[in-house]
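Examining the three-dimensional arrangement
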Amino acid sequence: MTHLWVRAEQRPNEERVGLTPEGAAALIKAGIRVTVEHSSVRAIGIDGYIAAGCEIAAENLWPEAPADAIIFGLKELPEDGTPLTHRHIMFGHAYKGQPAGRVLLQRFKAGGGSLYDLEYLVNEDGRRVAAFGYWAGYAGAAISLKCWAAQQRGGIAGPVAKYPGKTALLADLATEMAGLTLPRAIVIGALGRVGTGASDLCEALGVAVTKWDVAETASGGPFPQVLQHEIFLNCILARPGCPVFVPASAKTDARVLTVIGDIACDPTSDFSPIKVYDRVTEWDAPALRVADAPPLDVTAIDNLPSLLPVESSMDYAAQLLPSLATLGALETGVWGRALAEFTRHSADL
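This is a predicted model, so every value here is computed, not measured.

So, about the sheet that holds strand 3 (residues 55–57). Taken together, six strands build an open sheet; the order of strands is 3-2-1-4-5-6 and the sheet is parallel. If you trace the sheet from one side to the other, it starts and ends with strand 3 and strand 6 (114–117), each paired once. Each strand of the sheet is rotated relative to its neighbour by a mean of 25°, with strand direction disregarded. On top of the sheet, helix 9 (residues 333–346) reaches strand 5 (87–90) and strand 6; it is set at about 120° to strand 6, its chief contact.

Once that is clear, we can look at the sheet that holds strand 8 (residues 208–212). Across the sheet, which stays open at both edges, the six strands sit in the order 8-7-9-10-12-11 with mixed pairing between neighbours. At either margin of the open sheet sits one strand with a lone partner, and together these are strand 8 and strand 11 (288–291). Averaged over all neighbouring strand pairs, the angle between strand axes comes to 20°, with direction disregarded. As judged from the three bridges shared by strand 11 and strand 12 (residues 296–299), these two strands associate in the antiparallel manner. Along strand 12, the bridge assignment pairs Leu288 with Val298.

Before going further, it helps to spend a moment on the packing of helix 4 (residues 133–152) against helix 5 (residues 166–177). How two helices sit against one another is set out by the angle between their axes and by the gap between those axes. Between helix 4 and helix 5, the shortest axis-to-axis distance is 10 Å and the interhelical angle comes to 20°. The angle between helix 4 and helix 5 places the two elements in the roughly parallel class. The way helix 4 lies across helix 5 gives a crossing that is left-handed. Judged by residue contacts, Trp135, Tyr138, Ala142, Leu145, Lys146, Trp148 and Ala149 of helix 4 engage Lys166, Leu169, Leu170, Asp172, Leu173, Glu176 and Met177 from helix 5. Grouping the constituent residues of the contact of helix 4 with helix 5 by class yields ten nonpolar, no polar and four charged.

Rules behind the numbers
- Residues numbered from 1 in each chain as written.
- Predicted model: local features only at pLDDT ≥ 70, side-chain atom pairs only at ≥ 80, totals over all residues.
- Heavy atoms only, no water.
- Pairing = 2+ DSSP bridges.
- Helix = DSSP H or I, 4+ residues; strand = E, 2+ residues; numbered from the N terminus.
- Axes fitted to C-alpha atoms, helices over the stretch in contact; angles between N-to-C directions.
- Contact = heavy atoms within 4.5 Å.
- Parallel < 35°, antiparallel > 145°, perpendicular 65-115°, else oblique.
- Left-handed = near helix turned anticlockwise from the far one by under 90°.
- Nonpolar A, V, L, I, M, F, W, Y, C, P; charged D, E, K, R; others polar.

Keep in mind these numbers describe shape, not what the thing actually does.
Okay, here's the thing in structure tokens:
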């Protein structure tokens, strides 16, 4: 019997989950064994999983799970160097030249386990079957506006925390921006899920949005128009051939731009389109100031949908459920394609 083990998230400020109680009940009905760990932070409580018929395990017990269990989480595992023996489903951030990614792949090699990276679960056309993109864009735009509002008051954005829902988030932002002349934002990747979420947030608050996608960026750059907007929201994943939207010279170039929201958030990738910073930012310090007079702040939080953990979890889990139902055939379909990516990127270790 296929055994799916839903682990507790161990990263700070991570309350999302990729399987709801309703989804778990559907998998159990389809003949899949489901174990769910207790979690002290998960946005969806354990009672629903109990009612759905899941087996319940202690928090962070996954290293002791049966050898045939498929461990399912979202964000990174603790970086303790231990060999990884299980099959894992998660966002690995390991295939784009990230230094920590190679370490993760070496842990899989040492333990004989394998990675089914959620970013690489794609259909026959190469399109992802599930993504947090919309809510990443929505939350990323929200934090970018918080950074801008703090600048208008002569400061830098303070800590951010989760919201019970988007209504509360919008109300908070409206208060922070009250009395200010609204900025203009440019969204690159505006037709995708991430860009749609970012644009929707801006428009909900009356912020004018310039929407760019493939057609507007086909020239490959440079793109001086980016510097003529107060806020730039990058919603395009770093990939080979990705244009540079903000060169290193932007720190000293004449510009209107004062906030960069790198929602795609791959600063350590060789292909990052934003060259003025080199590390992610955190919930307790969301803005990284890279230039003064005028200020230029970058916000690049890599678990943005956790700002709205319930809504983002429910949306993502619904998208992913049909693929989870096919876990009995891990060598084919979306899982087979994900395994091929793992094998390819692990070949030179």
